[in-house]
Number of protein chains: 2
Amino acid sequence: MAQKPSIPKGTRDFGQIEMARRNYIFNTIKSVFSLYGFQQIETPAMENLSTLMGKYGEEGDKLLFLIQNSGEKAALAPEKGLRYDLTVPFARYVVQHREEISFPFKRFQIQPVWRADRPQKGRYREFYQCDVDVIGSDSLIGELELIQIVEEVYRRLGIRVCLHINNRKILAGIAEVIGAPDKIVDITVAIDKLDKIGVEAVNEELKERGLSYEAVAALQPLLNLSGTSAEKLEALKDILANSEIGLKGVAEMEEVFDLIEATGVKLNIELDLCLARGLNYYTGAIFEVKALDAQIGSITGGGRYDNLTGIFGLPGVSGVGISFGADRIYDVLTELDLFPKELLSATQALFATFGNEELYYALRWAKELRAQNIAVEVYPEPTKMKKQMGYADAKQIPFVAIVGGDEMAQNKVMLKNMTTGEQKLVELEELIQSINR
Amino acid sequence: MAQKPSIPKGTRDFGQIEMARRNYIFNTIKSVFSLYGFQQIETPAMENLSTLMGKYGEEGDKLLFLIQNSGEKAALAPEKGLRYDLTVPFARYVVQHREEISFPFKRFQIQPVWRADRPQKGRYREFYQCDVDVIGSDSLIGELELIQIVEEVYRRLGIRVCLHINNRKILAGIAEVIGAPDKIVDITVAIDKLDKIGVEAVNEELKERGLSYEAVAALQPLLNLSGTSAEKLEALKDILANSEIGLKGVAEMEEVFDLIEATGVKLNIELDLCLARGLNYYTGAIFEVKALDAQIGSITGGGRYDNLTGIFGLPGVSGVGISFGADRIYDVLTELDLFPKELLSATQALFATFGNEELYYALRWAKELRAQNIAVEVYPEPTKMKKQMGYADAKQIPFVAIVGGDEMAQNKVMLKNMTTGEQKLVELEELIQSINR
């Protein structure tokens, strides 16, 4: 026997159960997106390298998968690559199709992306992203709707979450006020440890990270911020009094919190000044969502950007978007045992038969059930009953309808409930009722 | 302004309308697959080249897209490629996961494939395939169920079709009987022209294609076959009397037609001895489906194979499958204007507002509607009414709920029906009823 075949490292096959679960996540998310008028688009797996290169930094460029036609001379440099995310293809799409699009453009996109990362636990070379954006409007209703979407998606999935929110303009204001505009990442990383290590240690770390004595001193009011998000924003107005951009950020956050209150959002939302997010195209609100009952990091994140399409020659278009992390959501639902049980049993009943005539009989019954939109299977051979039952077990089919000569003579089937083991002789109508119950 | 960005030739972006229509096709097909107990799997876009190479003939190998990590030395030969179809990855999947699979294994798979073909009208370098197979049983109930699925899918889509069916064993029998085992393709191609060019010309062509005088003479009874499929099969029993494999093929077809009759299949089905299908792994029944009201070639095709997994070291596993051609189905539905109209209007109502207070009011109403599972949008700025209306028009939103001071004062909105132009002042309950009607 030949060597067992395999797939490239960092890639995955999804079997039926995984697919049913993944579809449950995607369908839940899609139906919420639709409630808000977001519509799906798809872009090609491969993009021109001129579209991809230079958009993800030097490190990102190295993680691109390049594509070559096998018919082409190997000497030719590749001109195409697999998409690395859905954001750059989206920006390319908006610019390329700007004449056909009616703005504000509300789109979502659920497709795989590819990165030549070193595979490790929870990190794959092929994985799905699930992005939702509204572009072509700077209205903060965009932020509100994404927050409402987060609330509704996780309500439907049954995952308790906290949404952390911050604003890049506030971070820029802080850096401006303390005179350390290039240190904003160092500042957020250090402040993030406040709860764990305390003020003294944070200040020590800030100095180690190159902040001046004055800068650290200027930061102290920030470290002492407490209370509700509204109280923190109030205090920030004093701290950022001399920063125009900082005050703009505070005003934006106040408006977002006003909108949240006015529309009765129940989601757990926390103004988190330590939230920075790495991507440098964010210019306003930034979000991250964490599951409260699982230790897994951010399961959704995103933010406002003012110039995403500028890289393709269309400047000044503001948008806001978030991305749901399907793999992590899958892991949370698994860990908390939140997947609906019925996902596994797509087929409602299996017909098991003792002979060829019974098989034909079963096929006619199956047709009637399918006409009622009930998913059923007929075991394709009248083989050993044990084998047919084993098939039903393996596929977690809840009912088996057994057909022998006696059943046929009475125009019935012997219905076995695979959960309770109960058996009863039923007519077609009773069979339909038993399954639908 | 920079040059407008573009995508690689032979690839496509799918906008919201195209996606709504494509999803309609895929969802229709998926729901029918599910009625028969077929479950979805997915495999990675990239496979090891050892999995792909040599499976599609020399020509096919040249059409593979090869993948390289950009970080790797260019001198390294690529080890991965994009999948060329879903059949080889499925065979690889079955062999790799055979311990976990309960046979007969009923799976479907809807994913893109990539081929470095010369792009032309209707031929793309990236396109979706939609395959359904049952593997691990040689029962002809597999054939029956695929025929039932074809019937139900096209009934739901509203496309009138004819299913052409043949059997590779019958073709092998014919070649055996006339002593020209290597000429079966030439024979079917020539016979296929019978209606158009007549018997004389067909015989001429057969000789030109290298058939001996005796072989052409032996073929004559075949050219004169007429009547129903049952009558043709009866006649074939005489013609193929000396071919064991040929008679086996006839017996298989008779059983398939028995099953079709016993289960009341209404589909237009024709035994078509000219149907050959190019792929050499077929060993039994072969199918092709043609739309009756559109000139577009085959929109679904497939057949029985007895050794697909043999290439990966697991011989003797029989299966049968078909593939739905999504792009062609899309074209037929477009040509015949069969897409449901409501696909285009996912959003049921747009709230248009005259001011900021109205905007907050609209957001609260929108929340109520969404809680009733009604998809609505709020235009994110209280800008010119013309612009807000234009947005509703462009997205084909059927209702606009206009909110001004008067409406707010009465706790109502002015509901405009965008089809009829009618306007009326309504309360929340009436709004919900109007939209649901």
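Residues numbered from 1 in each chain as written. Chains lettered and ligands numbered in written order. Predicted model: local features only at pLDDT ≥ 70, side-chain atom pairs only at ≥ 80, totals over all residues. Heavy atoms only, no water.

Just checking my understanding: could you explain the packing of aromatic side chains for this structure?
Pairs of aromatic rings are described using the distance from one ring centre to the other and the angle between the two planes. Overall, the coordinates contain 26 aromatic pairs over all chains when judged by the stated rule. When the centroid spacing of 5.8 Å and the interplanar angle of 55° are considered together, the rings of F33 of chain B and F324 of chain B count as tilted. Here the residue F33 of chain B occupies a position in helix α1 (residues 16-35), and F324 of chain B occupies one in strand β11 (residues 319-324), the gap between them amounting to 291 residues. Taken individually, F33 of chain B and F324 of chain B each receive the classification buried, so the pair is uniform in this respect. Ring centres of Y93 of chain B and F105 of chain B lie 6.1 Å apart, and the angle between their planes is 10°; this geometry places the pair in the stacked category. Of the two residues, Y93 of chain B is situated in helix α4 (residues 87-96) and F105 of chain B in strand β5 (residues 105-114); the sequence distance between them amounts to twelve residues. Note on accessibility: Y93 of chain B and F105 of chain B belong to one class, buried. Counting every residue linked through ring pairs, the aromatic cluster contains F33, F108, Y154 and F324 of chain A. The ring of Y84 of chain A has R115 of chain A sitting right over it, with the charged end atom 4.1 Å from the ring centre. (Phe/Tyr/Trp six-rings, centres within 6.5 Å; stacked < 30°, edge-to-face > 60°. Helix = DSSP H or I, 4+ residues; strand = E, 2+ residues; numbered from the N terminus. Buried < 20%, exposed > 50% of the residue type's maximum accessible area, 1.4 Å probe, protein only. Lys NZ or Arg CZ within 6 Å of the ring centre and 35° of its normal.)

Looking at this model, I keep getting lost on the interface of chain A and chain B. Mind explaining?
Where interface size is given, it is often the accessible area lost as the parts come together that is meant. Chain A puts 96 residues into the contact, and the matching count from chain B is 97 residues. The contact between chain A and chain B buries some 8,300 Å² in all, and 55% of this surface belongs to carbon and sulfur atoms. With its nearest N and O atoms 3.5 Å apart, the salt bridge here joins K106 of chain B to E377 of chain A. Linking chain A with chain B are 36 residue pairs in polar contact (both at pLDDT 80 or more). (Contact = heavy atoms within 4.5 Å. Buried area = accessible area lost by both parts, 1.4 Å probe. Salt bridge = Lys/Arg side-chain N within 4 Å of Asp/Glu carboxyl O. Polar contact = N/O pair within 3.5 Å; in protein donor to acceptor, adjacent residues only side chain to side chain.)

Please explain the pattern of salt bridges as it appears in this structure.
Note on pairing: side chains with opposite charge can pair once their charged atoms come close. With the rule as written, the count across this model stands at 47 salt bridges over all chains. Of the charged contacts in the structure, one is a salt bridge between D327 of chain A and R12 of chain A, with a shortest N-O distance of 2.9 Å. Within this pair, whereas D327 of chain A is found in helix α12 (residues 326-335), its partner R12 of chain A is found in the segment before α1 (16-35), the two being separated by 315 residues in sequence. For D327 of chain A, a relative accessible area of 15% corresponds to the buried category. Two residues, R304 of chain B and E143 of chain B, come together in a salt bridge whose shortest N-O distance is 2.7 Å. Of this pair, R304 of chain B sits in strand β10 (residues 298-305) while E143 of chain B sits in helix α5 (residues 141-157), and the two are 161 residues apart along the sequence. Like R304 of chain B, the residue E143 of chain B is buried in the burial classification. The network of salt bridges with shared partners includes K106 and E145 of chain A together with R370, E377 and K395 of chain B.

How should the environment of A346 of chain B be read in this particular structure?
Among the secondary structure elements, A346 of chain B is positioned in the loop between α12 (326-335) and β12 (349-353). Using a relative accessible area of 37% as the deciding quantity, one classes A346 of chain B as partly exposed. Sequence spacing of A346 of chain B and K387 of chain B is 41 residues, and the spatial spacing of their C-alpha atoms is 20 Å. Each residue touching A346 of chain B, except ones within four places of it in the same chain, is listed here: Q39 of chain A together with A375 of chain B.

Just checking my understanding: could you explain the sheet that holds strand β8 (residues 268-271) of chain B for this structure?
In a beta sheet, neighbouring strands pair by backbone hydrogen bonds and run either parallel or antiparallel. All names here are of chain B. Strand order in the open sheet formed by eight strands is β1-β5-β6-β11-β10-β9-β7-β8, with mixed pairing between adjacent strands. Because the sheet does not close on itself, it has two edges, and the strands there are β1 (39-40) and β8. Contacts from α5 reach β5, β6 (126-135), β7 (161-167), β8, β9 (282-291), β10 and β11, with the element oriented near 15° to β11. (Pairing = 2+ DSSP bridges. Axes fitted to C-alpha atoms, helices over the stretch in contact; angles between N-to-C directions.)

Which parts of the structure should I look at to understand the environment of L350 of chain B?
By secondary structure assignment, the location of L350 of chain B is in strand β12. Excluding residues that lie within four positions of it along the chain, L350 of chain B makes contacts with E377, V378, Y379, Q388, Y391, A392, I397, F399, V400 and A401 of chain B.

I tried to follow the sheet that holds strand β13 (residues 376-378) of chain B on my own but got confused; where do I start?
All names here are of chain B. Overall, mixed pairing links the five strands, which are arranged β13-β12-β14-β15-β16 in an open sheet. The open sheet has two edge strands with one neighbour each: β13 and β16 (423-426). On average, adjacent strands in this sheet sit at an angle of 25° to one another, irrespective of strand direction. In terms of strand pairing, β12 meets strand β14 (residues 399-403) through five bridges, oriented parallel. By the bridge assignment, L350 is partnered in β14 with V400.

Any chance you could explain the relation of the copies chain A and chain B here in plain terms?
Superposing the two chain copies requires a rotation about an axis and a translation along that axis. With an RMSD of 0.1 Å, the operation that places chain A on chain B is a rotation of 180° combined with a shift of 0.0 Å along the axis. In the structure described here, the two chain copies are related by an operation that fits a two-fold rotation axis. Across chain A, the smallest distance between a C-alpha and the rotation axis is recorded for I67 of chain A, namely 2.4 Å. The residues that chain A uses at the interface reappear at the interface of chain B in 100% of cases, marking a shared surface. (Least-squares fit on C-alpha atoms with pLDDT ≥ 70 in both.)

What exactly am I supposed to notice about helix α7 (residues 184-191) of chain B here?
Think of an α-helix as 3.6 residues a turn; residues three or four steps apart then line up on the same face. Residue and element names in this part refer to chain B. Here α7 lies mainly inside the structure; six of its eight residues are buried. Looking only at α7, the buried set comprises I184, D186, I187, T188, A190 and I191. The inward-facing, buried residues of α7 contact α6 (168-177), α8 (194-208) and α9 (213-223).

What is the right way to look at the confidence of the model for chain A in this model?
When pLDDT drops low, the exact placement of atoms in the prediction is not to be read closely. The predicted model of chain A averages 93 in pLDDT, with 98% of residues at 70 or higher. Scored as a whole, the predicted complex attains pTM 0.94, and scored at its interfaces, ipTM 0.93. (pLDDT = per-residue confidence, 0-100.)

Help me out: how do you make sense of the domain arrangement of chain A in this one?
Domain annotation for chain A reports domain 1 (16-335) and domain 2 (345-436). Relative placement of domain 1 of chain A and domain 2 of chain A: their C-alpha centres are 51 Å apart. (Domains from an automatic or database assignment.)

Just to check I follow, could you spell out the packing of helix α8 (residues 194-208) of chain A against helix α9 (residues 213-223) of chain A for this structure?
Two packed helices can be described by the angle between their axes and the distance between those axes. Residues and elements named next belong to chain A. Look at α8 against α9: their axes get within 8 Å of each other, and the N-to-C directions meet at 160°. Judged on the interaxial angle alone, α9 and α8 are roughly antiparallel. In the crossing of α8 with α9, the sense of the turn from one axis to the other is right-handed. Contacts from L194, V199, V202, N203, L206 and K207 of α8 reach α9 at Y213, V216, L219, Q220 and L223. Considered class by class, the residues forming the contact of α8 with α9 number eight nonpolar, two polar and one charged. (Parallel < 35°, antiparallel > 145°, perpendicular 65-115°, else oblique. Left-handed = near helix turned anticlockwise from the far one by under 90°. Nonpolar A, V, L, I, M, F, W, Y, C, P; charged D, E, K, R; others polar.)

Is there a simple way to think about the environment of K412 of chain A in this case?
All names here are of chain A. Secondary-structure assignment places K412 in the loop between α15 (405-409) and β15 (413-417). Sequence separation of K412 and T263 is 149 residues, and the distance between their C-alpha atoms is 56 Å. Setting aside its immediate chain neighbours within four residues, K412 contacts Y361, W365, E407, L425, V426 and E427.

Explain α5 of chain B to me, please; I cannot follow it from the model alone.
Residues and elements named next belong to chain B. The first and last C-alpha atoms of α5 sit 24 Å apart over 17 residues, in line with the 24 Å expected at 1.5 Å per residue. Of all 17 residues in α5, 15 are buried; the element is thus mostly enclosed. G158 lies just past α5 and shows a positive phi near 80°. (Expected span 1.5 Å × (residues − 1).)

Would you mind showing me how to read the side chain of E126 of chain A here?
As for its placement among the helices and strands, E126 of chain A is situated in strand β6 (residues 126-135). Although buried, E126 of chain A forms no salt bridge, and the nearest oppositely charged side chain, R83 of chain B, lies 5.6 Å from it. A distance of 2.9 Å separates polar atoms of two side chains, one belonging to E126 of chain A and the other to W114 of chain A. Every residue in contact with E126 of chain A, bar those within four places of it in the chain, is listed here: G10, T11, R12, P112, V113 and W114 of chain A together with P44 and A45 of chain B. (Lys, Arg positive; Asp, Glu negative; His and termini not counted.)

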